[in-house]
Each structure stands twice: as C-alpha cells, then as structure tokens.
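# Geometric and topological summary
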Amino acid sequence: MPRKGPVKKRQVIPDPIYNSQMVSKFINMILRRGKKSIAQRIVYNAFELIEKKTKEDPLLVFKKALNNARPHVAVKSRRVGGATYQVPTEVPESRGIILAMRWLISFAKTQKGKSMQEKLAQEILNALNNTGAVIKKREDTHKMAEANKAFAHYKW
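None of these values were measured; they are calculated from a predicted model.

### Overview of the overall build of the chain
Looking only at helices and strands, the chain features 6 helices and 2 strands. Element order for the chain, N to C, with α for helix and β for strand: α-α-α-β-β-α-α-α. Taking the principal axes of the C-alpha coordinates as reference, the chain spans close to 55 × 40 × 25 Å. Taking all 156 residues of the chain together, 35% fall into the buried category. For the chain, restricting intrachain contacts to residue pairs at least 6 apart in sequence, the fraction spanning at least 24 positions comes to 60%. Distance between charge centroids for the chain: 11 Å, based on 32 positive and 12 negative side chains.

This is how it looks when you write it as structure tokens:
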C-alpha cells in the first residue's frame, strides 16, 4: 500500500478484433517476453476453434466460461496472536475474473501433446460446461472457505 492514497487503476486498451478489454487483458496474461503478436495469435486461434466447435460467438462463450470459473469466496491468512487462521472472504468480481483467467492459462499449459491454441480452447470449453481442472480448482477454493467458516469473525 502506498502512503499517498490508493493506486489508480490503469485502463486496458481493447483488443483490435473483438474490441473487448477482457480479451486484451487475457492476451496480456498469456504474453511472454514481450511477444504480443504470438500471444494474440494463440488467443485468436483458440477463439476460432471455439467458434468451429460451438457455432456461437467466441466472446460470449469466453465470458460465460470465466463466469463459471470465477470463485465467489476464498481464504486469506490472518495472524491472530501466535496462530494463523484461514479466514474466508468474498472475492470481488474483478479479482475473481483475474483468478479465473490465471487458472485457465495455467491448466492449459500443464496439458501435454497439443498446441497452446487447442489446449486453451479445450480449457475454455471445459469451463463453459462446468467440467475440467479450472472448475475443480474453484470448487476446492469454495470447500476451503466453507471448512474455515468458523474463523469468519476474524475478518477485517
């Protein structure tokens, strides 16, 4: 936390094809070593694969998948006395979407044998259908928060 007030949120420039800030943020999260054109190619090719498989607008599919994968509650470590408690807290919508994007990318990277476009498209479709590793991660996060519900009074 800075001493001189809160940090201002930066505006993300929308991507050129879908004119969406969410897609632009997703591209920036895939970005490695400043190679933005490669990251754009990966995302746009994944969206083309999604459009072929579902016959729907890939932007709507992407938004639905992120909504399905978004966690609503999570745990934060809180030190009280000598003990550390896992305190369940609500996750703001923007933070939840960022977490869902991060999980989609990380689970797509862990798959073997396909190109990144195919792996990313598969993870997005799995999240859309409420299956796959991303949904399991969300459920595990929710279970952890439910299990530590007794420590909710330590919330600050």
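### A closer look at the pairing of strand 2 (residues 83–90)
Relative to strand 2, strand 1 (residues 73–80) runs antiparallel, the two sharing 8 bridges. Bridge pairing in strand 2 places Arg78 opposite Tyr85. Linking strand 1 to strand 2, which pair antiparallel, is a turn of 2 residues; within it Gly81 sits at a positive phi near 65°.

### Re unusual backbone geometry
If you check the backbone angles, Arg33 has positive phi at about 55° while not being a glycine. Structurally, Arg33 is set in the loop between helix 1 (21–30) and helix 2 (36–54). The backbone phi angle of Lys55 is positive, close to 60°, even though this residue is not glycine. As for its placement among the helices and strands, Lys55 is situated in the loop between helix 2 and helix 3 (58–69).

### As for the nonpolar core
In terms of nonpolar packing, the biggest core is built from 34 residues, with Val23, Phe26, Ile30, Val43, Leu120 and Ile124 touching the most fellow members. Contributions of two or more residues to this core are made by helix 1, helix 2, helix 3, helix 4 (93–110), helix 5 (116–128) and helix 6 (133–147). The element that contributes the greatest number of residues to this core is helix 4, accounting for 8 residues. Those residues in contact with Ile30 that sit more than four places away from it in its chain are Ala39, Ile42, Val43, Ile105 and Leu120.

### Structural notes on the packing of helix 3 against helix 5
The N-to-C vectors of helix 3 and helix 5 enclose an angle of 65°; their axes lie 7 Å apart at closest approach. When the axes of helix 3 and helix 5 are compared, the crossing they make is left-handed. Residue-level contacts link Val61, Phe62, Lys64, Ala65, Asn68 and Ala69 of helix 3 to Ile124, Leu125, Ala127 and Leu128 of helix 5. In terms of residue class, the contact of helix 3 with helix 5 is built from 8 nonpolar, 1 polar and 1 charged.

### A few points about helix 3
The terminal C-alpha atoms of helix 3, which comprises 12 residues, lie 16 Å apart, in line with the 16 Å expected from a rise of 1.5 Å per residue. Elements that come into contact with the buried residues of helix 3 comprise helix 1, helix 2, helix 4, helix 5 and helix 6.

Parameters at a glance
Residues numbered from 1 in each chain as written. Predicted model: local features only at pLDDT ≥ 70, side-chain atom pairs only at ≥ 80, totals over all residues. Heavy atoms only, no water. Helix = DSSP H or I, 4+ residues; strand = E, 2+ residues; numbered from the N terminus. Buried < 20%, exposed > 50% of the residue type's maximum accessible area, 1.4 Å probe, protein only. Contact = heavy atoms within 4.5 Å. Lys, Arg positive; Asp, Glu negative; His and termini not counted. Charge placed at Lys NZ, Arg CZ, Asp CG, Glu CD. Pairing = 2+ DSSP bridges. Core = buried A, V, L, I, M, F, W, Y, C linked by side-chain atoms within 4.5 Å. Axes fitted to C-alpha atoms, helices over the stretch in contact; angles between N-to-C directions. Left-handed = near helix turned anticlockwise from the far one by under 90°. Nonpolar A, V, L, I, M, F, W, Y, C, P; charged D, E, K, R; others polar. Expected span 1.5 Å × (residues − 1).

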